[in-house]
Amino acid sequence: MSITNAGRRPDHDNAPIRTVLVGCGEHARVVIHAAISLIADIEVVAVCDLDADRARDASRRFGRCPHYADLDTMLRETEAQAAVIVGPPHVHAGIAAKCLEAGLHVFVEKPLFTNRDDLARLTEIAEQKPELNISVSFNKRYAPYICRIKEILEEESFGKPGYLYAKFAGGYRNGATDLLRVGAIHYFDLARHLLGPIARISALSYEKQAGQAHIAVSLQFASGAVGNFFLSSLGLWSAKGAEFLEVRGDRNFITLDNLRELTWQKPPVAIRDSGSTHQAGIEVPAPAEYLEPNYSNVSMLEYQSTYQNGYFARIEAFVFDLRNGRQSGPGLCDAAQALETTLAIEASIASEGAYVDLQARAETYETSLQPA
């Protein structure tokens, strides 16, 4: 069969989007495929993995659809509209390029690419095929409590965000490059999503040995707000507090621990004169808003980690965009911005903490890579 529907905007009817899955490893099957299996608007028409046994096993979840060990063969024989790609990070760009050239919309697990050469290659294809959607997961944007933080930041009572702190202690890695370009980019994207473009960065690293490092980053946003990243591959990702986010506004702040425990310390009810020369005022505190998942009475979907981590909602957003011929979710520009943040941190570490300017390059991507 030929790919006659490739690249076409899905009709506004009940027909699901014909999708191929590329990559059937553990993360793909346990996380991405699990989320897709809960979305009725996706019809998986084929799966592919270099390991034929893994592809065969994955196909059972989707009605024993055709399975392949060769990507080119699958693309040649399968009628599809979109591809979902989950593999080792260094192959994502190459697989995405092949799928785009075959006329498929693509959804790629982060990172979309790990170097500027792959960014340039996908940018060229995007310019040639503007009708195609190039989406990168950045699923944490869609986690329920990140969405709540975004709402809070837009409330008048929060005031102007002035400080962001993010911690990503992502377990042992093959090196600091993997920590930054593969793991911590989640928080580079979240920082920009919540507080806007990052203007400059300074970073220092303590590396015990290859794959085990602490990295301290100072940053300033284009808005004038400041912040810090603490990034680490020393210790276990499974430990409580391995991921942490804090945003401070005018006399109130939000914290989020492991995407599960959200606290909003709201502005004080009142502030009275302290009568002191060293303290500006005495605050009458307001109650804090505290949220955490309640697993005692939830549906099958809400119990899934794919829901709490944002994967389900992110893939739903991809489907919505395809049905409406638009791109609202993170794509090529967002992936480029995250990569540039990574490269700036690496450059600053190499120059012993010197500040690296990001603003000019960020503005270039904003104007040149945004979808039409």
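Residues numbered from 1 in each chain as written. Predicted model: local features only at pLDDT ≥ 70, side-chain atom pairs only at ≥ 80, totals over all residues. Heavy atoms only, no water.

Caption draft 1: Region of interest: the overall build of the chain. The helix and strand inventory of the chain stands at 12 helices and 17 strands. Against the globule reference of 21 Å for 372 residues, the chain gives a C-alpha radius of gyration of 22 Å, in line with a compact fold. Dimensions along the principal axes, computed over C-alpha positions, put the chain at roughly 80 × 50 × 40 Å. As displayed, the chain has an accessible area near 16,900 Å², and 49% of this comes from carbon and sulfur atoms. Side-chain charges of the chain comprise 36 positive and 46 negative groups, with the mean position of each set lying 2 Å from the other. (Helix = DSSP H or I, 4+ residues; strand = E, 2+ residues; numbered from the N terminus. Rg over C-alpha atoms; globule rule 2.2 N^0.38 Å. Areas by Shrake-Rupley, 256 points an atom, 1.4 Å probe, with all protein chains shown as cover. Lys, Arg positive; Asp, Glu negative; His and termini not counted. Charge placed at Lys NZ, Arg CZ, Asp CG, Glu CD.)

Caption draft 2: Expanded view of the sheet that holds strand S4 (residues 82-85). The 6 strands lie next to each other as S3-S2-S1-S4-S5-S6, forming an open sheet whose pairing is parallel. Each of the sheet's edge strands pairs with one partner strand only, and the pair in question is strand S3 (67-68) and strand S6 (134-136). Pairing geometry for strand S1 (residues 17-22) and strand S2 (residues 42-48), over 6 bridges, is parallel. Across the sheet, Arg-18 pairs through a bridge with Glu-43, a residue of S2. (Pairing = 2+ DSSP bridges.)

Caption draft 3: Highlighting the pattern of salt bridges. On inspection of all chains with the given rule, the structure shows 18 salt bridges. A salt bridge links Glu-151 to Arg-148, with the nearest nitrogen and oxygen atoms 3.2 Å apart. Taken together, the positions of Glu-151 and Arg-148, both in helix H6 (residues 144-153) and 3 residues apart, correspond to about one turn of that helix. For Glu-151, a relative accessible area of 45% gives the class partly exposed. By relative accessible area, Arg-148 is classed as buried at 18%. (Salt bridge = Lys/Arg side-chain N within 4 Å of Asp/Glu carboxyl O. Buried < 20%, exposed > 50% of the residue type's maximum accessible area, 1.4 Å probe, protein only.)

Caption draft 4: Molecular detail of the side chain of Gln-337. Inspection of the secondary structure puts Gln-337 in helix H11 (residues 332-350). Dropping the residues within four chain positions of it, Gln-337 is found in contact with Arg-192, Ala-362, Tyr-365 and Glu-366. (Contact = heavy atoms within 4.5 Å.)

Caption draft 5: Structural view of the environment of Leu-179. Checked against the element boundaries, Leu-179 lands in helix H7 (residues 176-195). Placed 33 residues apart in sequence, Leu-179 and Gln-212 show a C-alpha to C-alpha distance of 9.2 Å. Apart from residues no more than four positions distant in its own chain, Leu-179 is found in contact with Phe-168, Arg-173, Ala-184, Ile-215, Leu-231, Ser-232 and Ser-233.

Caption draft 6: Quick peek at the packing of aromatic side chains. Scanning all chains against the criterion turns up 4 aromatic pairs. Considering the side-chain rings of Phe-107 and Phe-318, the 5.4 Å spacing of their centres and the 55° angle between planes classify their relative orientation as tilted. Of this pair, Phe-107 sits in strand S5 (residues 105-108) while Phe-318 sits in helix H10 (residues 311-324); the two residues are 211 residues apart in sequence, bridging distant segments of the chain. With centroids separated by 5.2 Å and ring planes inclined at 50°, the aromatic side chains of Phe-188 and Phe-229 adopt a geometry described as tilted. Of the two residues, Phe-188 sits in helix H7 while Phe-229 sits in strand S10 (residues 226-232), which places them 41 residues apart along the sequence. Residue Phe-188 is classed as buried on the basis of its relative accessible area, which comes to 2%. Sitting over the ring of Tyr-355, Arg-200 keeps its end group 4.2 Å from the ring centre. (Phe/Tyr/Trp six-rings, centres within 6.5 Å; stacked < 30°, edge-to-face > 60°. Lys NZ or Arg CZ within 6 Å of the ring centre and 35° of its normal.)

Caption draft 7: Representation of helix H4 (residues 92-101). By the criterion of burial, H4 is predominantly enclosed, with 7 of the 10 residues buried. Buried within H4 are the following residues: His-92, Ala-93, Ile-95, Ala-96, Ala-97, Cys-99 and Leu-100. On its buried side, H4 packs onto S1, helix H3 (71-77), S4, S5, helix H5 (116-128) and S6. The positive-phi residue at the C-terminal boundary of H4 is Gly-103, with phi of around 90°.

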